[in-house]
Amino acid sequence: MGNLWIGPAGSMYEIDQAAKSFDRSADLGVSEFKSLGGRVTVTRNLAPVRRLKLAWDLLPPAQARVLDRIARRIDGPGPVYVVDPAAGNVLVPGQAAGTGSIGANGITGLAQWFKSSTTGSVTESTTVPSTFLFTAVDATSALAWRCIGTGGNFPVSPGLPVSFRAPTAIAALATVGVGIDYKKADGTYISTTSATGALVTGTVPATAAYATPTAKPGTAGSYSLAGACFTYGGTAESGVPGDGLPPMSVTGYNDSPGRPLPYRSISIDLVEVSSAAG
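Residues numbered from 1 in each chain as written. Predicted model: local features only at pLDDT ≥ 70, side-chain atom pairs only at ≥ 80, totals over all residues. Heavy atoms only, no water.

Caption draft 1: Up close: the sheet that holds strand S20 (residues 229–232). Read from one edge of the open sheet, three strands run S17-S14-S20, paired in antiparallel fashion. Strands with a single pairing partner mark the edges of an open sheet, and in this sheet they are strand S17 (199–203) and S20. Across this sheet, the average inter-strand angle for adjacent strands is 10 degrees, counted without regard to direction. Sheet analysis places strand S14 (residues 161–165) next to S17, joined by five bridges and oriented antiparallel. Bridge pairing in S17 places Val162 opposite Gly202. (Pairing = 2+ DSSP bridges. Helix = DSSP H or I, 4+ residues; strand = E, 2+ residues; numbered from the N terminus. Axes fitted to C-alpha atoms, helices over the stretch in contact; angles between N-to-C directions.)

Next up, the structure:
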């Protein structure tokens, strides 16, 4: 993957210095209750909540100022997005697996995808519940992936490398084509990076704040949506579990002068949130 990017959509900043500590453990929301008889009952939240704890020693002034602005909400209340260098797929687990699992903001099933052409449809399998298929009625039928963290497009920033691989069943077709659409902050279309085959890789252009991956089977039929991968900073690979790209809010921040100055030592804690208020 490479470096960490952090900030609001369209203004994520690249932190090219490796963090001295990096904890990305999810909060599973598990509670145990032990009865007098010794039996244990476990309860858990419907979906785990992502938490990130990052710390750097001797950050250069420019990068330290970026983190300081984010932590103190100088440019707005949030949310911010963190392009995690340890994540290989920014689709949520359900999208990557082609299932209807619940996302961070409650989007389920069909709402994780939408057709990006006049023909084609996403339907639930009649034989395997909560598994979804894309039905292409002709060679023009195309499908797009929706970011669960925003309810729409995937947040990006100019200069960020992006890569998308079609679901396994679609990728196997000789007629498959894929693309990544780039859009401004208001949703206005800018351009598309497209490729013949199952894999497309590009760089986010100037003025872009969002991106949307698309796939066109090119052959009529119904295809499983399992196996798709959308990644930032590297090359999308098949079989990578979805990690998601949730909106996050800063919950902890420490900033101390480094030796020598003007370097600074900074730590920042973030938690996944469910609204744009961050």
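Caption draft 2: Spatial organisation of the state of the cysteines. One pass over the structure, following the stated rule, counts zero disulfides. The structure places no disulfide on Cys147, whose sulfur is separated from the nearest cysteine sulfur, that of Cys229, by 14 Å. (Disulfide = S-S within 2.5 Å.)

Caption draft 3: Inspection of unusual backbone geometry at higher detail. Between Arg259 and Pro260 the backbone carries a cis peptide bond, its omega angle lying at 10 degrees. In this structure, Pro262 follows Leu261 across a cis peptide bond, with omega equal to 10 degrees. By the element assignment, Pro262 lies in the loop between strand S21 (248–257) and strand S22 (264–272). The phi torsion at Leu58 lies on the positive side, around 55 degrees, for a residue other than glycine. With respect to the helices and strands, Leu58 occurs in strand S7 (residues 49–59). Leu58 gets classed as partly exposed once you look at its relative accessible area, which sits at 36%. The backbone of Thr207 shows a phi angle near 75 degrees, a positive value even though the residue is not glycine. Within the fold, Thr207 resides in the loop between S17 and strand S18 (210–216). (Buried < 20%, exposed > 50% of the residue type's maximum accessible area, 1.4 Å probe, protein only.)

Caption draft 4: Structural context of a nonpolar patch on the surface. A cluster of nonpolar side chains, Leu28, Val30, Val40 and Val42, forms an exposed patch at the surface whose accessible area comes to about 320 Å². Mapped onto the secondary structure, Leu28 falls in the loop between strand S4 (26–27) and strand S5 (30–34). For Leu28, a relative accessible area of 45% translates into the label partly exposed. (Patch = residues over 30% accessible without salt bridge, like charges linked within 9 Å, V, L, I, M, F, W, Y side chains within 5 Å. Areas by Shrake-Rupley, 256 points an atom, 1.4 Å probe, with all protein chains shown as cover. Salt bridge = Lys/Arg side-chain N within 4 Å of Asp/Glu carboxyl O.)

Caption draft 5: Structural detail: the sheet that holds strand S1 (residues 4–7). Spatial ordering of the open sheet is given by S2-S1-S8, a layout of three strands whose pairing is antiparallel. Of all the strands in the sheet, just strand S2 (13–15) and strand S8 (81–83) have a single pairing partner and so form its edges. Pairwise comparison of adjacent strand axes, ignoring direction, gives a mean angle of 25 degrees for this sheet. Judged from the three bridges that link them, S1 and S2 form a sheet pairing that is antiparallel. Directly across from Leu4, in S2, lies its bridge partner Ile15. Where helix H1 (residues 61–71) meets the sheet, it contacts S1 and S2, and its direction lies at approximately 125 degrees from that of S2. (Contact = heavy atoms within 4.5 Å.)

Caption draft 6: Geometry of the pattern of salt bridges. Per the counting criterion, the structure on display carries eight salt bridges. For the salt bridge of Asp57 with Lys20, the shortest nitrogen-to-oxygen distance reads 3.4 Å. With Asp57 in strand S7 and Lys20 in the loop between S2 and strand S3 (21–23), the pair connects residues that are 37 residues apart, well separated along the chain. Asp57 sits in the partly exposed class, given a relative accessible area of 38%. One salt bridge in this structure joins Asp243 and Arg50, with 3.0 Å as the shortest N-O distance. Linking Asp243 in the loop between S20 and S21 with Arg50 in strand S7, this pair joins segments that are 193 residues apart in sequence. Taken individually, Asp243 and Arg50 each receive the classification buried, so the pair is uniform in this respect. What you see here is one network of salt bridges that share partners, running through Arg24, Arg50, Asp84 and Asp243.

Caption draft 7: Layout of H1. Here H1 has its buried residues at Gln63, Ala64, Val66, Leu67, Asp68, Ile70 and Ala71. Those residues of H1 hidden inside the fold are in contact with S1, S2, S7, S21 and S22. Where H1 ends, the next residue or the one after it, Arg73, has phi of about 55 degrees, a positive value.

Caption draft 8: The arrangement of the packing of aromatic side chains in detail. For the structure shown, the criterion picks out five aromatic pairs. The interplanar angle of 45 degrees and the centroid separation of 5.6 Å between the aromatic rings of Trp113 and Phe132 together place this pair among those described as tilted. One end of the pair, Trp113, is in strand S9 (residues 113–115); the other, Phe132, is in strand S11 (residues 132–136), and 19 residues separate them in sequence. Ring geometry for Phe154 against Phe230: centres 5.1 Å apart, planes inclined by 85 degrees, an arrangement best described as edge-to-face. (Phe/Tyr/Trp six-rings, centres within 6.5 Å; stacked < 30°, edge-to-face > 60°.)

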